[in-house]
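Notes for the structure review
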Amino acid sequence: MAEPLGGSDEPLHRAFFARPVLTVAPELLGRVIIHTTHEGVVAVRLTEVEAYDGERDPGSHAYRGPTPRNAVMFGPPGHLYVYFTYGMHWCANAVCGSPGSASAVLLRAGEVIEGVDLARRRREERRQRQSRDPAATAVRRSVSGHELARGPARLTTALGLDGTQNGADMCGATAGLSIGAGWPPGAEDVRTGPRTGVGGAGAALPWRFFLDGERSVSPYRPAVTRRRRGP
DNA sequence: AACCGGATCGTCT
DNA sequence: GACGATCCGGTTG
């Protein structure tokens, strides 16, 4: 499974991101986002994303026009828009479309396929910082690859992304950040649904895309095939 | 499995 | 001054 991460996995070109966001979003599934720091490398295979379609989309941060926060969304495609929410979480988006269209794809979930130890360490450090009583939470559970990036904030934690990477170019050679070709999905594996936490007019739009049968797909509970206990 | 509250702060009204 | 593209742990059933 390490094969595609070698030299053969070329970063997606800017032209990939320059297309309409609803075209790009499903095609990001199965791709591998890689972040390299002095700590090491973490690679995440994307399994769930959401499209946010610029200024006309009520669910989009760009809906009410440009602000200091969303400025990156209005810039060129192929860059990363990272924002802070709930007083403690970071979420990452890939800017898409033509410059000024202010559309982006929220990276909601994935599976850590390289750097699991580093990702787990980052999660643990975060828990320590947040906990009011670190001693009480010292119980370290083993966290597997598909849980480490399950959810948008966990995904950024695993990759080591925060406000520092807001605006970072994912198509440049020096960023340490890129999305590789990965294992692009067949259309038959892509599912859609309403976006999480988006109400109002945007609530009905099926702009969440995810891979069928992936355990890392975060909050999805469709036909929750709840098995009952033994007879 | 479902529900609940707590943590915590930048952003925009 | 309210709230959010959230997560976690605890409790209940």
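Before reading further, recall that the structure is shown in the block above.
This section reports on the structure supplied with the text. (Residues numbered from 1 in each chain as written. Chains lettered and ligands numbered in written order. Predicted model: local features only at pLDDT ≥ 70, side-chain atom pairs only at ≥ 80, totals over all residues. Heavy atoms only, no water.)

The subject of this paragraph is the pattern of salt bridges. Where charged atoms from two side chains of opposite charge come close, those side chains can pair. For the coordinates displayed, the defined rule picks out twelve salt bridges. Close ionic contact of Arg122 with Glu39 constitutes a salt bridge, the shortest N to O distance being 2.9 Å. Of this pair, Arg122 sits in helix α3 (residues 116-130) while Glu39 is found in the loop between β1 (32-37) and β2 (40-53), placing the two residues 83 residues apart along the sequence. By relative accessible area, which is 7% here, Arg122 ends up buried. (Salt bridge = Lys/Arg side-chain N within 4 Å of Asp/Glu carboxyl O. Helix = DSSP H or I, 4+ residues; strand = E, 2+ residues; numbered from the N terminus. Buried < 20%, exposed > 50% of the residue type's maximum accessible area, 1.4 Å probe, protein only.)

In this section: the protein's contact with DNA strand C. With respect to spatial proximity, 19 residues lie near DNA strand C, and among them His89, Asn93, Leu106, Arg127 and Arg154 are the closest. His89 places a side-chain nitrogen or oxygen 2.6 Å from a base oxygen of DNA strand C. Between DNA strand C and the protein, one listed contact pairs a phosphate oxygen with a side-chain N or O atom of Arg127 at 2.3 Å. Where the surface near DNA strand C is concerned, the elements lending two or more residues are β4 (89-96), β5 (103-114), α3 and α5 (152-159). Residue contributions to the surface near DNA strand C peak at three residues, all from α5. When the residues that make up the surface near DNA strand C are grouped by side-chain class, the tally is six nonpolar, eight polar and five charged. (Near = heavy atom within 4 Å. Polar contact = N/O pair within 3.5 Å; in protein donor to acceptor, adjacent residues only side chain to side chain. Nonpolar A, V, L, I, M, F, W, Y, C, P; charged D, E, K, R; others polar.)

All right, on to the protein's contact with DNA strand B then. Lining the immediate surroundings of DNA strand B are eight residues, of which Thr67, Arg69, Tyr86, Gly87 and Met88 lie closest. Thr67 is positioned such that a nitrogen or oxygen atom in its side chain is 2.3 Å from a phosphate oxygen of DNA strand B. By residue class, the composition of the surface near DNA strand B is three nonpolar, two polar and three charged.

Okay, the packing of aromatic side chains next. Working definition: an aromatic ring pair is given by the centre-to-centre distance plus the angle between the planes. Taken as a whole and judged by the stated rule, the model has three aromatic pairs. On the numbers, 4.8 Å between centres and 50 degrees between planes, the contact of Phe84 with Trp90 is tilted. According to the relative accessible area criterion, Phe84 is partly exposed, its value standing at 39%. On the basis of relative accessible area, Trp90 is assigned to the partly exposed category, the value being 26%. Between the NZ or CZ atom of Arg19 and the centre of the ring of Phe16, over which it lies, the distance is 4.7 Å. Between Arg195 and the ring centre of Tyr52, over which it is positioned, the NZ or CZ distance is 4.7 Å. (Phe/Tyr/Trp six-rings, centres within 6.5 Å; stacked < 30°, edge-to-face > 60°. Lys NZ or Arg CZ within 6 Å of the ring centre and 35° of its normal.)

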